[in-house]
Amino acid sequence: MSDYVKSPISGRTMNRPLLISSLIRNADRYFGDVQVVSRLEDGSIHHYTYSDCHRRARQLANALAGLGLTIGDRVATLGWNNYRHLEAYFAIPGSGLVLNTINPRLHVDQIAYIADHAEAKCVLFDLAFLKQAETIAGECPSATHFVAMCDPSQMPEKTGIPNLICFEDFLAAASDDYEWPEFDETAASALCYTSGTTGNPKGALYSHRSTMIHSYAEVMPDAFNISSRDTIMPVVPMYHANAWGLPYASALAGAKLVLPGPMMDGESLYELIEGEGVTFSAGVPTVWNGLLDHIKENGLGFSTFKRMNIGGSACPTAMMKAFREVHGVDVIHAWGMTEMSPMGTICTLQARHADLPEEDRQKLRETQGHPVFGIDMLLLDDQGVELPWDGKTTGNLFVKGPWVIDSYFKDAEGSALQDGWLPTGDVVTISPQGYIKITDRSKDIIKSGGEWISSIEVENVAQLHPDVQQAACIGIPHPKWSERPVLVVIARSGATIDKADVLAFLDGKIAKWWMPDDVRFVETIDLGPTGKVLKNKLRDRFTDGDAISKHNSPAPDALEQNHAIRK
Ligand code: ADP
């Protein structure tokens, strides 16, 4: 619905609906022999082509129709990145059903909550997620059909799911004679829930139109720069924000697709990258440490791998430099949200940056980048006053665009917006040229003496220390300053570092009053289901009443002075 002005004269172009089925039709018609490669649960590698994928997607569409599912019905998936999940990506929305990808790493209560909230009628699942599917079967009255994505020989003998269907039998019994229906492009295509680090997950419901425009935008050179000459390996899971749109963008461009399944360890990823000639990959920062360690320990290099997109949380500078300077892989930083399908900003450098000193170019690469054409941005303070784009002033980021949601599933239309803009919950600066730098999520921000400390910046610098494997900076309540930063560190195995080493390393690299009051060493840091640090858990772990007093916190006078210097 819109209240846009209506012109008395319309353009005379065909009003063809933008539908997801056109992507797999295109991939089959023009790139039918291009490979789709999948790592399966048993570690083996499966190869087939876009033509095979299209044929089986048509069979799946027929089979789902045979269950009595009709346009608008939700079909849930619990799946790894593999070819059967890809077939579901095309068959479900292509036939007018809604693809509800559920993150199997969530707690089973949340999985059941999502399937129930989505009113999923059918659930397709990989065998590794049998337990999660059984929970849905027990708790969601709407879900009456369950399909195990496996061969007949792999069907579980005992399960709590009545009438469990085998995916391969399901397909074998269905004809591949299927015409993709035409319907309004505003029809819902996919329902992805945010991971719910606070409260219950919320559903972002995309349309065919929003997904298609997102796909066109994603392949652009200053976005993901995807072409038929690429081999794309989405490491970002297909259960997370449509795998950042990569399966659809790859089919649009006719790029070879490599789906890594459950094996995210460095050795397995490396084997696929070299074995399949991967040119481009994308994923959250945490997954890439394993790959870096593997190539370092074994003295390996890359022969085809040229670019990778890292987003979802801030990419540590050390990781960016290791890939770029040591291994020749260009790391492109990106920012987005499930609510944005998820692409928001991407950090490619422009002609105007060509002559900058390398140090300044690197500083730019560390920002989250420039909005992809289609996304508009607004920077406001807490009172709603517009702030300047000067690269220094920090404020709340709001966005607009054709692939940005206006409300969560089942909420009132437009209810997620404020004056037509979606609040992102991210705190950023924006440069005059439109490059954003995320300083924090609003819920993770550290406020000391009324001033913001960027936890991301502190972590970034700490992670440049050669003995620091991972660092997370959190705000701990403080009687005088309201909060003070504490740095939680995982040391590299075999390293012997202590608090004094870390503080000495930070000294001079960040503002004095940003210096953590304490450094705590831990074996593990809790990660959420999408690989992000759960700062709320860390805060609970370290807010023990005496977290600040126990250690050698800087003398209050020094802090006073430092705050004063800052002002
Ligand atoms: P959630 O984690 O809330 O379930 P998303 O996976 O959609 O949902 O995460 C979106 C959020 O992730 C953004 O609002 C932002 O806080 C964070 N994020 C995404 N990309 C980056 C990045 N490159 N740098 C820092 N933060 C990022």
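Residues numbered from 1 in each chain as written. Predicted model: local features only at pLDDT ≥ 70, side-chain atom pairs only at ≥ 80, totals over all residues. Heavy atoms only, no water.

When its secondary structure is counted, the chain shows 16 helices and 25 strands. Taken over C-alpha atoms, the radius of gyration comes to 24 Å for the chain, in line with the 24 Å a tight globule of 567 residues would show. The principal-axis extents of the C-alpha atoms in the chain amount to approximately 75 × 65 × 50 Å. A sequence separation of at least 24 residues applies to 67% of the contacts in the chain between residues at least 6 apart. Within the structure as shown, the chain displays about 24,000 Å² of accessible surface, and the carbon and sulfur contribution to it stands at 50%. Counting 50 positive and 71 negative side-chain charges, the chain places the centres of these two groups 3 Å from one another. (Helix = DSSP H or I, 4+ residues; strand = E, 2+ residues; numbered from the N terminus. Rg over C-alpha atoms; globule rule 2.2 N^0.38 Å. Contact = heavy atoms within 4.5 Å. Areas by Shrake-Rupley, 256 points an atom, 1.4 Å probe, with all protein chains shown as cover. Lys, Arg positive; Asp, Glu negative; His and termini not counted. Charge placed at Lys NZ, Arg CZ, Asp CG, Glu CD.)

Strand order in this open sheet of nine strands is 2-1-11-10-12-13-14-15-16, and the pairing throughout is mixed. Each edge of the open sheet carries a strand with a single partner, namely strand 2 (45-49) and strand 16 (370-371). Bridge count for strand 10 (residues 231-234) against strand 11 (residues 256-259) is two bridges, and the pairing is parallel. If you follow Ile232 over to strand 11, its bridge partner there is Leu257. With respect to the sheet, helix 2 (residues 50-66) is in contact with strand 1 (35-39), strand 2 and strand 11, its orientation differing from that of strand 2 by roughly 85°. (Pairing = 2+ DSSP bridges. Axes fitted to C-alpha atoms, helices over the stretch in contact; angles between N-to-C directions.)

This next bit is on the packing of helix 10 (residues 288-297) against helix 11 (residues 317-326). Following both chains from N to C, one finds helix 10 and helix 11 inclined at 45°, their axes separated by 11 Å at the closest point. The pairing of helix 10 with helix 11 is recorded here as oblique in orientation. Helix-helix and strand crossings are classified by hand; for helix 10 and helix 11 the assignment is left-handed. Between helix 10, through Trp288, Asn289, Leu291 and Leu292, and helix 11, the contact on the second element is made entirely by Met319, Ala322 and Phe323. Here the contact of helix 10 with helix 11 is composed, by residue class, of six nonpolar, one polar and no charged. (Parallel < 35°, antiparallel > 145°, perpendicular 65-115°, else oblique. Left-handed = near helix turned anticlockwise from the far one by under 90°. Nonpolar A, V, L, I, M, F, W, Y, C, P; charged D, E, K, R; others polar.)

Every regular strand shows the same layout, with side chains that alternate between the two sheet faces. The side-chain alternation of strand 13 (residues 307-310) yields two buried faces, one formed by Arg307 and Asn309 and the other by Met308 and Ile310. Taken together, the four bridges between strand 12 (residues 280-283) and strand 13 define a ladder with parallel strand orientation. Bridge pairing links Ser281 to Met308 in strand 13. When strand 13 meets strand 14 (residues 330-336), the two strands line up parallel, connected through four bridges. Along strand 14, the bridge assignment pairs Met308 with Val331. (Buried < 20%, exposed > 50% of the residue type's maximum accessible area, 1.4 Å probe, protein only.)

Once that is clear, we can look at the packing of aromatic side chains. Scanning the entire structure with this criterion turns up 10 aromatic pairs. An angle of 40° between the planes, with centres 5.4 Å apart, marks the rings of Tyr89 and Tyr248 as tilted. With Tyr89 in helix 3 (residues 83-94) and Tyr248 in helix 8 (residues 246-253), the pair connects residues that are 159 residues apart, well separated along the chain. For Tyr89, a relative accessible area of 0% translates into the label buried. What makes Tyr248 buried here is its relative accessible area of 1%. Look at Phe302 and Phe305: their rings are 5.1 Å apart centre to centre, the planes differ by 80°, and that puts the pair in the edge-to-face class. (Phe/Tyr/Trp six-rings, centres within 6.5 Å; stacked < 30°, edge-to-face > 60°.)

Before going further, it helps to spend a moment on helix 12 (residues 358-365). Those residues of helix 12 lying buried are Arg361, Gln362, Leu364 and Arg365. The arc that holds every buried residue of helix 12, seen down its axis, measures 160°, which confines them to one face. Turned more than 90 degrees away from the buried face of helix 12 sit Glu359 and Lys363, all of them exposed. Against helix 11 and strand 14 lie the buried residues of helix 12. (Arc of directions from axis to C-beta.)

The next subject is the sheet that holds strand 23 (residues 468-478). Reading across from one edge, 23-24-25 is the order of the three strands in this open sheet, with mixed pairing throughout. Two strands close off the open sheet at either side, each with one partner strand: strand 23 and strand 25 (518-521). Each strand of the sheet is rotated relative to its neighbour by a mean of 30°, with strand direction disregarded. Docked against the sheet, helix 13 (residues 455-462) engages strand 23 and strand 24 (482-491), running at close to 145° with respect to strand 23. Running over the sheet, helix 14 (residues 499-506) touches strand 24 and strand 25 and is turned about 130° from strand 25.

Another point: the nonpolar core. Judged by nonpolar contacts, the single largest core of 88 residues is most densely connected at Phe90, Leu124 and Ile226. Excluding its chain neighbours within four sequence positions, the residues that come into contact with Leu124 are Val75, Ala76, Thr77, Leu78, Ala88, Ile92, Val147, Met149 and Phe167. By size, the runner-up hydrophobic cluster in this structure holds 27 residues, among which are Ala76, Leu78, Ala148 and Phe409. (Core = buried A, V, L, I, M, F, W, Y, C linked by side-chain atoms within 4.5 Å.)

Okay, the confidence of the model for the chain next. Confidence in the prediction for the chain averages 93 pLDDT; 95% of positions are at 70 or higher. Segment residues 545-559: pLDDT under 50, and 25 contacts once partners within four positions in sequence are set aside and those in other chains are kept. Confidence drops under a pLDDT of 50 for residues 561-567, and excluding neighbours within four residues, the segment shows 11 contacts in the predicted structure. (pLDDT = per-residue confidence, 0-100.)

Attention now moves to the side chain of Glu459. Looking at the element boundaries, Glu459 is found in helix 13. Given a relative accessible area of 11%, Glu459 falls into the buried group. In contact with Glu459, other than residues within four places in its own chain, are Ala471, Ala472, Cys473 and Lys535.

This part is about the pairing of strand 3 (residues 74-78). Among the five residues in strand 3, five count as buried, and that is most of the element. Of the two faces of strand 3, both are covered, the one formed by Arg74, Ala76 and Leu78 as well as the one formed by Val75 and Thr77. Where the polypeptide runs from strand 3 across helix 3 and back to strand 4 (residues 98-101), its parallel neighbour, the crossover connection is right-handed. Relative to strand 5 (residues 122-125), strand 3 is paired through four bridges, and the arrangement is parallel. (Right-handed = clockwise from strand over helix to strand, strands pointing away.)

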